[in-house]
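# Summary of structural features
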Amino acid sequence: MTSFDNWPWHYWAHHTPHSIALRTPAAQWSWRDLAQRVNHLAAAWQQAGVTAGCGVALRGKNRLELVLAYLAVLQCGARVIPLSPQLPPELLARRLPSLNIDFGWCAEDLPWPDGITPLAMSLSDTGAPALIPHTMIPWQINRLATLTLTSGSSGMPKAAAHTFAAHLASAAGVLSLMNFQHRHSWLLSLPLYHVSGQGIVWRALAAGATLVLAEGVALERALAGCSHASLVPTQLWRLLKGDMADLSLQDVLLGGAMIPQDLTRQAEAAGIRCWCGYGLTEFASTVCAKRADSTPGVGMPLPGRELRLVDDEVWLRGNSMASGYWQQGRLIPFTDGDGWFHTRDRGRFVDGELHIAGRLDNLFICGGEGIQPEDIERVLTTHPGVRQAYVVPVADEEFGQRPVAVVEGEAPFGQLRVWLDPQLAPWQRPVAYFALPDTLGNGGIKISRRRIQDWVAAQFTINP
């Protein structure tokens with residue numbers, strides 16, 4: 001991997017100035033163009049008060065302006081936290097004060113909580129090289145760079161704080177497995193507020209490759225000319241059913257849900273190499289990965305990561321790990337005394353690779369029997385008529401809790417029940433099936449299990 005002596009976009013602007021750094025449906029920008037525009041925006045925001053060590057929140061979709069804002073904030077030496085534009089104002093008002101956020105930029109006219117100064121971006125800010133004096137903050141690979149909110153599955157989302165070194169180590173691990181070089185291009189198909197979206201940006205920066213932006217464009221058109229993409233299974237299913245004649249897609253990194261083996265077989269038959277893995281926000285995305293095969297394992301740790309199992313719980317440490325959780329102006333450690341992060345994921349080694357059995361937090365009890373919902377989901381997704389499936393508990397007076405299946409696919413529920421029940425223990429058999437509603441989507445990444453559980457509970461309240 002490249003050893004950077006300058007901001008990565010300036011490094012490539014010097015070494016490969018005319019190579020394409022960014023491509024949108026309307027234009028493409030060389031590394032030299034990108035570096036000039038980042039300089040100009042960073043200068044404008046420095047003049048507005050953004051200085052090294054302050055916090056800047058960004059809200060927007062995966063458009064050119066958001067990527068420019070992300071890089072400009074970093075070049076100012078500030079900490080950047082990308083946020084979903086759909087976060088409710090009440091959550092922002094509760095969460096942002098503890099994260100020491102001084103400024104905010106939003107692509108849309110959305111309000112910021114009191115105490116956060118809005119930043120503006122005009123077309124001229126991303127145009128010609130800056131006439132405004134710009135103090136270039138020196139590149140320091142161990143400087144704290146980003147804050148990324150966790151899923152919040154165990155309460156209020158935490159802000160994992162990563163250095164540049166951690167992001168580049170994450171990229172290096174993935175690129176040690178996948179062939180991604182300066183001649184390739186990766187679609188920014190996942191939101192930047194999610195660690196997987198930032199992982200795509202840092203792989204492109206690490207390799208000097210092209211980052212493709214196509215927000216609001218149909219996936220088939222967005223992928224035209226792309227060699228690489230990060231997709232969830234539903235996206236790949238839909239892609240395989242469409243017209244793939246104009247696609248040059250070579251590699252897909254899959255994540256976000258159980259991955260049906262039939263899906264990867266069809267993709268490989270179409271000439272698309274599929275990779276699956278296991279990652280966490282705290283580790284700047286992917287920790288384990290492998291070429292998808294006929295087993296449900298996720299491979300073994302990538303270079304720079306370590307893994308151990310303690311009482312069936314996955315423990316991790318490595319060079320892509322966050323420095324801690326940012327809270328009230330300081331880093332809160334999340335590791336034990338030996339540097340291990342206890343993930344609360346249940347795992348086991350099978351035939352020399354890691355298998356993730358599910359979240360320890362997801363286990364529930366039905367009539368005295370423990371149910372790991374991921375065990376049922378794993379069986380459900382082997383059915384050819386099921387694209388993805390979630391199993392959540394619903395309260396039951398007799399058994400305490402019973403499993404309910406929420407499914408996306410074409411399989412009729414009656415037929416699915418007949419097919420599934422013989423493969424499960426009696427207490428594992430879902431007592432009801434629901435179609436996965438579109439309203440539960442979450443930016444193309446993971447669907448919140450808590451939201452599904454709340455939605456299912458509401459269905460039983462409406463139709464007891």
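Look above for the structure.
Residues numbered from 1 in each chain as written. Predicted model: local features only at pLDDT ≥ 70, side-chain atom pairs only at ≥ 80, totals over all residues. Heavy atoms only, no water.

## Some remarks on the overall build of the protein
As a reminder of what qualifies: Counting from the N terminus, the helices are the DSSP runs of H or I reaching at least four residues and the strands are the DSSP runs of E reaching at least two. Note on method: radius of gyration uses C-alpha positions; expected globular size equals 2.2 Å times residues raised to 0.38. Burial classes follow relative accessibility: with a 1.4 Å probe on protein chains only, a residue under 20% of its type's maximum area counts as buried, one over 50% as exposed, and anything between as partly exposed.
Helix and strand counts for the protein stand at 12 helices and 26 strands. Here the C-alpha radius of gyration of the protein, 23 Å, is about what a compact globule of 464 residues would show, namely 23 Å. Each principal axis of the C-alpha distribution contributes one length, and for the protein these read about 70 × 50 × 45 Å. Expressed as a percentage of the 464 residues in the protein, the buried residues total 55%.

## Concerning helix α5 (residues 164-175)
Note the threshold: Expected span, for any helix, means 1.5 Å times one less than how many residues it has. Note on contacts: a residue pair qualifies if any of its non-hydrogen atoms lie within 4.5 Å across the two residues.
Counted at 1.5 Å a residue, the expected span for α5 with its 12 residues is 16 Å, and the 16 Å between its end C-alpha atoms agrees. Of all the 12 residues making up α5, 10 are buried; the element is thus mostly covered by neighbouring parts of the structure. The complete set of buried residues in α5 reads Phe164, Ala166, His167, Leu168, Ala169, Ser170, Ala171, Gly173, Val174 and Leu175. In the core, the buried residues of α5 are packed alongside α3 (64-75), β7 (144-149), β8 (159-163), α6 (195-207), β14 (285-291) and β16 (305-310).

## Here's the deal with the sheet that holds strand β25 (residues 400-409)
Applicable threshold: Strands are treated as partners if at least two bridges between them are detected by DSSP. Orientation is described by lines fitted to C-alpha atoms, with helices fitted over the stretch in contact, and by angles between N-to-C directions that extend from 0 to 180 degrees.
Spatial ordering of the open sheet is given by β24-β25-β26, a layout of 3 strands whose pairing is mixed. Of all strands in the sheet, those with a lone pairing partner are β24 (386-396) and β26 (433-435), marking the two edges. Taking the axes of each pair of neighbouring strands and ignoring which way they run, one obtains an average angle of 30 degrees across the sheet. Here β25 runs beside β26; their pairing, made up of 3 bridges, is parallel. Bridge pairing in β26 places Val406 opposite Phe434. Its contacts with the sheet put helix α8 (residues 233-241) on β24 and β25, and the angle it makes with β24 is roughly 145 degrees. Sitting on the sheet, helix α11 (residues 413-420) touches β24, β25 and β26, and the angle it makes with β26 is about 135 degrees.

## Points about the packing of helix α2 (residues 31-47) against α3
This is how the line gets drawn: Left-handed describes a crossing whose near helix is turned anticlockwise from the far helix through less than a right angle; right-handed describes the clockwise counterpart. Residues are sorted three ways: Asp, Glu, Lys and Arg are charged, Ala, Val, Leu, Ile, Met, Phe, Trp, Tyr, Cys and Pro are nonpolar, and all the rest, Gly among them, are polar.
α3 packs onto α2 with a crossing angle of 65 degrees between their chain directions and a minimal axis gap of 8 Å. Read as a crossing pair, α2 and α3 show a hand that is right-handed. The residues of α3 that touch α2, namely those facing Leu34, Arg37, Val38, Asn39, Leu41, Ala42 and Trp45, are Leu68, Ala69, Leu71, Ala72, Val73 and Gln75. Grouping the amino acids of the contact of α2 with α3 by side-chain chemistry returns 10 nonpolar, 2 polar and 1 charged.

## A short note on the pattern of salt bridges
To keep it simple, the criterion reads: The salt bridge criterion pairs a side-chain nitrogen of Lys or Arg with a carboxyl oxygen of Asp or Glu, the two atoms within 4 Å.
Counting across every chain of the model gives 19 salt bridges. Note that Asp33 and Arg37 form a salt bridge whose closest N and O atoms lie 4.0 Å from each other. Separated by 4 residues within a single helix, Asp33 and Arg37 lie in helix α2, roughly one turn from each other. Residue classification places Asp33 among the partly exposed positions, given a relative accessible area of 25%. Through salt bridges with shared partners, one network takes in Arg238, Lys241, Arg387, Glu408 and Glu410.

## Structural notes on unusual backbone geometry
With a phi angle near 55 degrees, Asn100 is a residue other than glycine that sits in the positive phi range. Tracing the backbone shows Asn100 in the loop between α4 (89-95) and β5 (103-106). Of the residues examined, Asn100 reaches a relative accessible area of 25% and is grouped as partly exposed. For Ala284, which is not glycine, the phi dihedral falls at a positive 55 degrees. On the accessibility criterion, Ala284 (2% relative accessible area) is buried.

## A word on the side chain of Thr150
Mapped onto the elements of the fold, Thr150 is located in the loop between β7 and β8. Among all residues touching Thr150, those that are not within four sequence positions of it are Pro157, Lys158, Thr281, Glu282 and Tyr325.

## Section: the side chain of Thr146
Tracing the chain through its elements places Thr146 in strand β7. In this structure, Thr146 is in contact with Tyr70, Leu74, Val80, Ala160, Ala161, His162, His167 and Gln198, ignoring residues within four places of it in sequence.

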